[in-house]
Amino acid sequence: MKTIWIVLFSVAAATLAAVGCGASSYNNLVRLDQAAQSQWAQVENVYQRRLDLIPNLVATVKGAAAFEKDTFTAVTEARSRAAQLTAASQRAPADTESLQRFQRAQDELGSTLSKLMLVVEGYPELRATQNFRDLQAQLEGTENRITVERMRFNEAAQAFNTARDSLPATLFANLFGARFREKPYFQAAPGSEVAPKVAF
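As a starting point, this report considers the structure included with it. (Residues numbered from 1 in each chain as written. Predicted model: local features only at pLDDT ≥ 70, side-chain atom pairs only at ≥ 80, totals over all residues. Heavy atoms only, no water.)

Some thoughts on a nonpolar patch on the surface
Moving on, step 1. On the surface, a nonpolar cluster with roughly 520 Å² of combined accessible area is contributed by Met1, Ile4, Trp5 and Leu8.
Moving on, step 2. By secondary structure assignment, the location of Leu8 is in helix α1 (residues 2-64). (Patch = residues over 30% accessible without salt bridge, like charges linked within 9 Å, V, L, I, M, F, W, Y side chains within 5 Å. Areas by Shrake-Rupley, 256 points an atom, 1.4 Å probe, with all protein chains shown as cover. Salt bridge = Lys/Arg side-chain N within 4 Å of Asp/Glu carboxyl O. Helix = DSSP H or I, 4+ residues; strand = E, 2+ residues; numbered from the N terminus.)

Topic: the nonpolar core
What tends to happen in soluble globular proteins is that the nonpolar side chains get buried as a cluster.
Moving on, step 1. One finds Leu57, Val61, Leu109, Leu113, Leu116 and Phe132 to be the most contacted residues of the largest nonpolar core, which totals 21 residues.
Moving on, step 2. Of all elements in the fold, only α1, α2 (69-88), α3 (96-121) and α5 (130-164) reach the threshold of two or more residues within this core.
Moving on, step 3. Look past the residues within four positions of Leu116 in its chain and what remains in contact with it is Leu57, Val58, Val61, Thr71, Phe72 and Val75.
Moving on, step 4. Membership of the second largest hydrophobic core comes to 11 residues, among which are Trp40, Tyr47, Phe102 and Phe186. (Core = buried A, V, L, I, M, F, W, Y, C linked by side-chain atoms within 4.5 Å. Buried < 20%, exposed > 50% of the residue type's maximum accessible area, 1.4 Å probe, protein only. Contact = heavy atoms within 4.5 Å.)

Considering the pattern of salt bridges
Moving on, step 1. What the rule picks out here adds up to six salt bridges.
Moving on, step 2. Of the charged contacts, one joins Arg81 and Glu108 as a salt bridge, the two residues approaching to 2.2 Å between their closest N and O atoms. Highlighted residues: Arg81 in helix α2 and Glu108 in helix α3, separated in sequence by 27 residues.
Moving on, step 3. Overall, the relative accessible area of 34% leaves Arg81 in the partly exposed class.
Moving on, step 4. Residue Arg101 pairs with Glu97 through a salt bridge whose shortest N-O separation is 3.3 Å. One end of the pair, Arg101, and the other, Glu97, are both in helix α3, four residues apart, so they sit about a helical turn from each other.
Moving on, step 5. We classify Arg101 as partly exposed; its relative accessible area is 38%.

As structure tokens, then:
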């Protein structure tokens, strides 16, 4: 009789330990997932700030460079595509492909903005206006914020992925399917590993 109680107690203790360990792992993954989601919201926030600045910048430049219609059209279309992807995402991208789609749209917008700034180089009177200088400074500051927030998202994704792939959490993470899928990282744009050539 005493042996049965010892066996039952041992089984109950092992079961409680497994349940406790599972609950602790689950709660930790939830906390880290929420941190990554929060950081993703910050990434979207700074990208939205850039989207909000672009119409003012285009309107300011348009007045001085009315004939550069192709550039304005490209900026407007790229902004529209980036805005659609930003509005469609409710959570951080769950896979690398989704993140790459988001990143491609943002990179395309950044590229067209660079072209717009090249157009501006031909208009010294525009560059001299306070309104343009203010917008340019805000846009440059936003680009810096984007870099910082992307880095912070990668750090939050790394913390989540590390916890997810560690024991005992890895035993439970797959039971919840997509809820605790590994988070993708922002990566450098293709070709960024090649140093730019500067000629004087």
